[in-house]
Amino acid sequence: MADSLDENTLTVLARLSGLELNALERASLPDQFDSILTLIDRLQEVDTRAIEPLAQAFDHCMRLREDEVTSQNQRDLFQSLAPELVDGLYLVPNVME
Amino acid sequence: MKWELVIGLETHVQLATRSKMFSGSSTAFGADPNVHADAVDLALPGVLPVPNRQAVAFAIRFGLAVGANISRRSWFARKNYFYPDLPKGYQISQFENPVVQGGEIVFQAEGKACRVPLTRAHLEEDAGKSLHEAFHGRSGIDLNRAGTPLLEIVTEPTLRSVAEAVAYARTLHQLVTWIGICDGNMQEGSFRCDANVSVRPMGQVEFGTRCEIKNLNSFRFMERAIQYEFERQVEWIENGGTVVQETRLYDPDRDETRAMRSKENAQDYRYFPDPDQLPLCIDEAWIAAERQHLPELPAEMAQRLRDQMGLSAYDAGLLTVSRGWANYFLELVTGTGMDPKLAVNWMTGELAAMLKRADREISHCPLQPAQMLGLLRRIQDGTLSGKMAKEVFEILWEEGGEADQIITARGFMQVSDLSVLESLIDELMAAHPDQVAEFRSGKEKVFGFFVGRAMKASGGRANPAQLNTLLRDRLKGNH
Amino acid sequence: MDLNRTSLTALAQGLRSREFSSVELTRTYLERMAAHSSLGCFITVDPERSLLQAKAADARLARGESTPLMGIPVAHKDIFCASGWLTTCGSRMLSNFVAPYDAHVIQRFNEAGAVILGKTNMDEFAMGSSNETSFYGPVRNPWSTDRVPGGSSGGSAAAVAARLAPLATASDTGGSIRQPAALCGITGLKPTYGRVSRYGMIAYASSLDQGGVMAPSAADIALGLTVMAGFDARDATSVACPEEDFTAQLARPLEGLRIGLPRQYFGEGTSVAVTKRIEEALEVYESLGARRVVVDLPHSDLSVPVYYVLAPAEASSNLSRYDGVRYGWRASQYGDLGEMIARSRAEGFGAEVKRRILTGTYVLSKGYYDAYYLQAQRVRRLIQQDFLAAFEQCDVLMGPTTPTTAFAFGAKGGDPVEMYLSDIFTIGVNLAGLPGMSIPVGFDEVGLPVGLQIIGPHLSETRLLGVAHRYQQATDWHERVPALVQGGERG
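Draft legend 1. Broad picture of the overall build of chain B. Helices and strands together make up the secondary structure of chain B, namely 15 helices and 17 strands. The C-alpha atoms of chain B give 30 Å as radius of gyration, which overshoots the globular expectation for 479 residues (23 Å, by more than 25%). Dimensions of chain B, computed from the C-alpha atoms along their principal axes, are close to 95 × 55 × 50 Å. When the 479 residues of chain B are sorted by exposure, 55% land in the buried category. Restricting to contacts in chain B with at least 6 residues of sequence separation, those with at least 24 account for 69%.

Given below as structure tokens:
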């Protein structure tokens, strides 16, 4: 079913996955992927045309939350974990190109 | 060649809930950065979303207001992409089977009735904000807005002019604020539109390639951005170019749209059902309950005002521009015996002008309907002339109080006593025999002269209608 | 007290009768943990913090509070956020993450007066079956230190096996409780999906993840589960059922119990020793009044392919939050924003995690979604239907937990799929959302433990625990301890 993983596909996958890949990974991933694809391609053996997908073991109705503010301001605690801050903002490289 | 403009709008309406779509954080605007970002909003490891019932209720209410189908069972889905203002690396939204499907918005544009079919309206969470100023080329992330509930309302591409697009957006804005699901504050981003714009030769059936203009947060910007984009695409094609599908931003300072980076356009969002949640179910009882919460809609009320009170379509439209206006009007005329036309004239005239000057919404009007009614009654019974009423109105606006009390205290009583008016006219005629002769010789023009003099002599307090009749009778010597 | 022979009930009795204090008990375990630190069971140990909790428990005991776990030290898998504790999920990505809040599970144990003994080692983000993917190094199987303990809850399993903790929490997405329990010769329970809140349990594959518990015996697990299970409004998938006392049916007799034996769980690929021990266990059950029924799970051989579509798909999305912006690892060198995110993630995640993220991205991407993701969900339904049909013929299902006993480090290092296939018997339970257990039923020819898997219908934990407990009353496999902790260990 699936084609084996070419360089270009791997680049797109890495970008969508937010992962930088090194040369070693680029070299070894296609073989590992082939093996995984062979495994999951076995799904094509079954005819499932009449079967509804099952997303959750129990797909009964979800409980909803009442519209109440229950969270307190814990900014200092949460921001003690942050790599870089300025004036209460999380600092990152410029988001505009 | 003649070109046709094709527009579809996607509007993000911030729902007026107290807490966020999936967390218990406050949605209040204007707090210090990241104060309203709790563990769920920050996407700390291990946290989970639980949907806000009120947000779903608001979506149902909207669906009912536009005559849409309400999905009895739907899933929230994840839309995956990396962006620093999107803490989870995915936005929880709806993809297949959104809560609201179909429906339509009906409005007037360029003098004709338009019906715009809606594709869908789905619930999703807002992203945070990136701030770019003053961080030495870096960006600061504020996640207070992250997770705020949004209803994204999507039209079919059936809008054919800038005026139609703007009229649609105004009508939608009126509707979502009217039914109380959105505060409508465009400056704070509570109501913002993305416009999908394409052009095609007039008569062609196939659509042209569209560009999406993001984040139009005022009607004026929407108007200018679409107009600019229309002209840009036409010019580009006429010069031999091909429009490429892309996302563009409107820059109000330069009055132009600019392409965002092309990477945005190579996205693959990998939507899939959010495995942290179960199906969202909406039963008949819930829908019936929301129907109870739905007020009379603006179009229905406008029709009622025309039918029951004999208002013009124009006046009825003005009064139903918002719940605030409509309620104010209804308080003036319901069970008070007040002439609806008089009430409309004063609301759309003096009151509207004063509110505009003071930059206030009618919901924050210093003049309560009861005070206004007190004033209108004295106009209706002839106690006040139009000119005097305006003065009393201004005093009421500035100082408050009751119209009657102001009239008595400051002597704003209109002179309607016949004997007073008669002796006043007699004195005038005696003092100006030449003008009397002129009038009697057929020069009716001098009538105005006598009216002016009489008014002045009465200190502006003469009842104009009575003065007119009396003066004409005397001048013609009919007694 | 002899930690090799004790039970939770005995420890609780000792605490209540002031035979020893929680501080003494906690200190004893901490010393034992230090003596066996080479097993690599724990990522974080914080004696001061633990002893502070023990002291508080002693005060509550002195006031006469006596919940079953008051003052009992419990080891927690490092997948559960515990306020003030480093919570790494076995990853460099979270190697600096001191959790600012308690998972529901931790909160429940804290409220019950249990003492946090430490945070146990695990495969990175629970992705692994050997504990070899942990950023913090391998965990050694106490029965043979050149063997893996299984995974991903390898630290919890080895800690319980070596009696470094009387009880340990764990989580199970495709077998991560039952498989290491089997390989380490202890008892492990993966509850029904939704029975234990996932709030604060770091997500791997949300629709499959379920917190559970490990201990030497089913009786101890029943006590632990009674504390940790329960409805939580913060988890939309939490099952709203009344709180249960899972110890209530431990003594229920097994007469008439119908044990379903799935044909597909008894074939080639399972080692001779494992097959023999399972057969012997079934004979014990027959002697206790149960009878065998052969059942069919026709789609069970597709459970591994289904799992390796669905779990990576969910994981690829669940792990997107680790972007180096708000917490966690951030690369030291980077240029633009995209590079900061991609490099932080490249440095923060290990090879197996990256492989699963890429696989997940692949099966969700345009052109593959229907063929892989949706197809996997459809087959998932078939697998669930197989189980539900089987339970019309029997009360519980039994079979081997794993095809073989513990394997050596590096034995399944080359092809990732080889490792994936070692979960063949456990994955179906997660796909169907069922409760499952593994109990020790003897050893292979080199002295490595063998586990029997017991699977029940949804929400049948009480019954499952009874089935396990009756066996454990008739046998003593669960009381065996590895040689390396025998003798000279009295505290």
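Draft legend 2. Region of interest: the state of the cysteines. Enumeration according to the criterion identifies one disulfide over all chains in this entry. In this model, Cys61 of chain A is linked to Cys281 of chain B through a disulfide, with the two sulfur atoms separated by 2.1 Å. On the sign convention where negative is left-handed, the bridge of Cys61 of chain A and Cys281 of chain B, at about -90 degrees about the S-S bond, is left-handed. A residue pair is termed interchain when its members come from two chains, as with Cys61 of chain A in the loop between helix H2 (23-40) and helix H3 (75-79) and Cys281 of chain B in strand S17 (residues 280-281). The exposure class of Cys61 of chain A is partly exposed, given its relative accessible area of 43%. Owing to a relative accessible area of 18%, Cys281 of chain B belongs among the buried residues under this scheme. Summary of cysteine pairing: Cys211 of chain B is not part of a disulfide, and the nearest cysteine sulfur, belonging to Cys193 of chain B, is at 17 Å. Residue class for Cys211 of chain B comes out buried when judged on its relative accessible area of 0%. With no disulfide of its own, Cys241 of chain C lies closest to Cys61 of chain A among cysteine sulfurs, the gap being 17 Å.

Draft legend 3. Quick look at the domain arrangement of chain B. Split into domains, chain B comes out as domain 1 (3-286), domain 2 (294-410) and domain 3 (418-475). Taken over C-alpha atoms, the centre of domain 2 of chain B sits 34 Å from the centre of domain 3 of chain B.

Draft legend 4. Focus on the interface of chain A and chain C. Each partner contributes to the interface: chain A provides 51 residues, whereas chain C provides 70 residues. Buried surface at the junction of chain A and chain C, both sides included, amounts to about 5200 Å², of which 66% is carbon and sulfur. Ranking the residues of chain A by area buried against chain C places Leu43, Leu54 and Arg63 of chain A at the top, with a combined share of 13%. Among the salt bridges present, the one from Glu20 of chain A reaches Arg343 of chain C, with a minimum N-O distance of 2.9 Å. The tally of links between chain A and chain C comes to 25 residue pairs in polar contact (both at pLDDT 80 or more). Elements represented by at least two residues in the side of chain A that touches chain C include exactly helix H1 (7-17), H2, H3 and strand S2 (89-93) of chain A. When residues in the side of chain A that touches chain C are grouped by element, the largest group, nine residues, is from H2 of chain A. Of the residues belonging to the side of chain A that touches chain C, the class tally is 33 nonpolar, eight polar and ten charged.

Rules behind the numbers
Residues numbered from 1 in each chain as written. Chains lettered and ligands numbered in written order. Predicted model: local features only at pLDDT ≥ 70, side-chain atom pairs only at ≥ 80, totals over all residues. Heavy atoms only, no water. Helix = DSSP H or I, 4+ residues; strand = E, 2+ residues; numbered from the N terminus. Rg over C-alpha atoms; globule rule 2.2 N^0.38 Å. Buried < 20%, exposed > 50% of the residue type's maximum accessible area, 1.4 Å probe, protein only. Contact = heavy atoms within 4.5 Å. Disulfide = S-S within 2.5 Å. Domains from an automatic or database assignment. Buried area = accessible area lost by both parts, 1.4 Å probe. Salt bridge = Lys/Arg side-chain N within 4 Å of Asp/Glu carboxyl O. Polar contact = N/O pair within 3.5 Å; in protein donor to acceptor, adjacent residues only side chain to side chain. Nonpolar A, V, L, I, M, F, W, Y, C, P; charged D, E, K, R; others polar.

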